[in-house]
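Residues per chain are reported as follows:
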Amino acid sequence: MNVTSADGTSIFFEQRGDGPPVILVGGAFNDRTTTVGLAEVLAGDFTAITFDRRGRGDSGDAPSYAVEREIEDLAALIAQAGGTATVFGHSSGAILALEAAAAGIGIEKVVAYEPPYATDEHPRADVVDEVRAHLAAGDRDAAVATFLQVAGTPAEMIEGMKQAPVWGWFTALAHTLPYDLTICGPDARPSQNLARIQVPTLVIGGGASDDALQSGARAAAAAVPGARHETLEGQDHGVLQHPETLKDLLTDFLK
C-alpha cells in the first residue's frame, strides 16, 4: 500500500494485526523488512505499520533531502492510520520519531530506542560531505565504511563485514546514508526542541550497548518533559534482531 507525502513522494507501507496503530521507524541500513519481526511481536495487540523510508525499498524519493520531508512522510502515514498513532523509532529513526513528536503531527505516544544523539562526552565527526563524495564517485563501499567508522565500528570488524553477505545489503542502501547522517550528525543534540514534546515518551537504551549510545539515550530522556528512561539489559543496538525482548516493555507502555 502507498500514501503520498506532502511533496508528492510515494511512501510504501504494510500493516499487521488489529488494534491501536503503531508506526515502526527503522534507522540506517533499514527498510520495512527489518522491522517486520517487531511488527509481528506487536500484532497481537496493535496494528503495527512498517514502511520504507524515502529512498528505500518500494518508496519514492526526491531530488533534495531535508529532515522535514521525513516528518511529513510520518504525518501522511498517521493520517492514513486515522489521524493519530504511536511511533516507535530505532537509531536515527528514533531521532526522527522524537523530532516528529516535537512537531506535533498527531503522535499520541513515542518510543525511542537508542537515539544516537551526540553529547559533550561523546561528540561525533561530521562525515556527510565525505560520504556524499564517495557516492558521487560511485564508491558505495567507501561510503558504507566511512559511515560505520563514525558510528564507532572497529576497522577490523568492518573488514570482516566486507566479506559477509550483509555487506551487499549495506551497499544497496548506501545512497540513503546522507539522510541518516543529516538526522544524527554532530549538531544533532537533545535540545529545547525536545522540550516541546507533550506526549508520553519512553526512551530505551541497551544494557550491552556502548557508552556513546547509552549517553545519547539518557540525554534524550532528560530533554523531554516527563519522559521515562529504561535500560533493556542484555541488548545492544541490534535489538531489532531480537524483537521479542521489546514486547513486555512496549506493550506495558503503549497500553
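Our structure is the block above this text.
Residues numbered from 1 in each chain as written. Predicted model: local features only at pLDDT ≥ 70, side-chain atom pairs only at ≥ 80, totals over all residues. Heavy atoms only, no water.

### Observations concerning the pattern of salt bridges
Here is step 1: Overall, the coordinates contain 16 salt bridges when judged by the stated rule.
Here is step 2: The residue D180 makes a salt bridge to R53 at a minimum N-O spacing of 3.2 Å. Here the residue D180 occupies a position in helix 8 (residues 177–183), and R53 occupies one in the loop between strand 4 (47–51) and helix 2 (67–80), the gap between them amounting to 127 residues. There is no split in this pair, since D180 and R53 are both buried.
Here is step 3: In this structure, a network of salt bridges that share partners links the residues E14, R16, R32, D52 and D58. (Salt bridge = Lys/Arg side-chain N within 4 Å of Asp/Glu carboxyl O. Helix = DSSP H or I, 4+ residues; strand = E, 2+ residues; numbered from the N terminus. Buried < 20%, exposed > 50% of the residue type's maximum accessible area, 1.4 Å probe, protein only.)

### With respect to the pairing of strand 7 (residues 201–206)
The side chains of a regular strand alternate, first on one face of the sheet and then on the other.
Here is step 1: Of all six residues that make up strand 7, six are buried, and the element is covered over most of its length.
Here is step 2: The side-chain alternation of strand 7 yields two buried faces, one formed by T201, V203 and G205 and the other by L202, I204 and G206.
Here is step 3: As paired elements, strand 6 (residues 107–113) and strand 7 share four bridges and run parallel to each other. Bridge pairing in strand 7 places V111 opposite L202.
Here is step 4: Direction of pairing for strand 7 relative to strand 8 (residues 228–232): parallel, over a ladder of five bridges. When the bridges of strand 8 are listed, G206 appears paired with L232.
Here is step 5: Where the polypeptide runs from strand 7 across helix 9 (residues 211–223) and back to strand 8, its parallel neighbour, the crossover connection is right-handed. (Pairing = 2+ DSSP bridges. Right-handed = clockwise from strand over helix to strand, strands pointing away.)

### A short note on the packing of helix 2 against helix 3 (residues 92–103)
Here is step 1: Where helix 2 meets helix 3, the axes come as close as 10 Å, and the angle between the chain directions of the two elements is 75°. Relative to helix 3, the element helix 2 is oriented roughly perpendicular. Residues V67, E70, I71 and L74 of helix 2 touch helix 3, and the partners they reach there are L96, E99, A100 and A103.
Here is step 2: Of the residues assigned to the contact of helix 2 with helix 3, the class counts are six nonpolar, no polar and two charged. (Axes fitted to C-alpha atoms, helices over the stretch in contact; angles between N-to-C directions. Parallel < 35°, antiparallel > 145°, perpendicular 65-115°, else oblique. Contact = heavy atoms within 4.5 Å. Nonpolar A, V, L, I, M, F, W, Y, C, P; charged D, E, K, R; others polar.)

### Considerations on helix 10 (residues 247–254)
Here is step 1: Taken together, the buried positions of helix 10 are occupied by L249, L250, T251, F253 and L254.
Here is step 2: Structurally, helix 10 contributes buried residues whose contacts are with strand 3 (21–25), helix 1 (36–42), strand 5 (85–90), strand 6, strand 7 and strand 8.

### Things to note about the sheet that holds strand 8
Here is step 1: Pairing in this open sheet of eight strands is mixed, and the strands run 1-2-4-3-5-6-7-8 from one edge to the other. Since the sheet does not close on itself, it has two edges, and those belong to strand 1 (2–4) and strand 8, each with one partner. Direction aside, the axes of adjacent strands within the sheet are offset by 25° on average.
Here is step 2: Pairing geometry for strand 3 and strand 5, over four bridges, is parallel. Among the inter-strand pairings, V22 is bridged to a residue of strand 5, identified as T86.
Here is step 3: Across the sheet, helix 3 touches strand 3, strand 5, strand 6 and strand 7, and the angle it forms with strand 6 is around 155°.
Here is step 4: Against the sheet, helix 9 contacts strand 7 and strand 8, and its axis sits at roughly 165° relative to strand 7.

### Details of the environment of P225
Here is step 1: One can find P225 in the loop between helix 9 and strand 8.
Here is step 2: On the accessibility criterion, P225 (49% relative accessible area) is partly exposed.
Here is step 3: Sequence-distant contacts of P225, that is, excluding residues within four places in its chain, are made with L194, A195 and I197.

### Digging into the packing of aromatic side chains
Here is step 1: With the rule as written, the count across this model stands at four aromatic pairs.
Here is step 2: Ring geometry for F29 and F147: centres 5.5 Å apart, planes at 85°, overall edge-to-face. Placement of the pair is F29 in the loop between strand 3 and helix 1 and F147 in helix 5 (residues 140–150), with a sequence separation of 118 residues. Like F147, F29 is buried.
Here is step 3: An angle of 5° between the planes, with centres 4.2 Å apart, marks the rings of Y65 and Y179 as stacked. Of this pair, Y65 sits in the loop between strand 4 and helix 2 while Y179 is found in helix 8, placing the two residues 114 residues apart along the sequence.
Here is step 4: Note on Y179: relative accessible area 10%, which makes it buried.
Here is step 5: Taken together, the ring pairs in this structure connect F29, F147, W167 and F170 into an aromatic cluster. (Phe/Tyr/Trp six-rings, centres within 6.5 Å; stacked < 30°, edge-to-face > 60°.)

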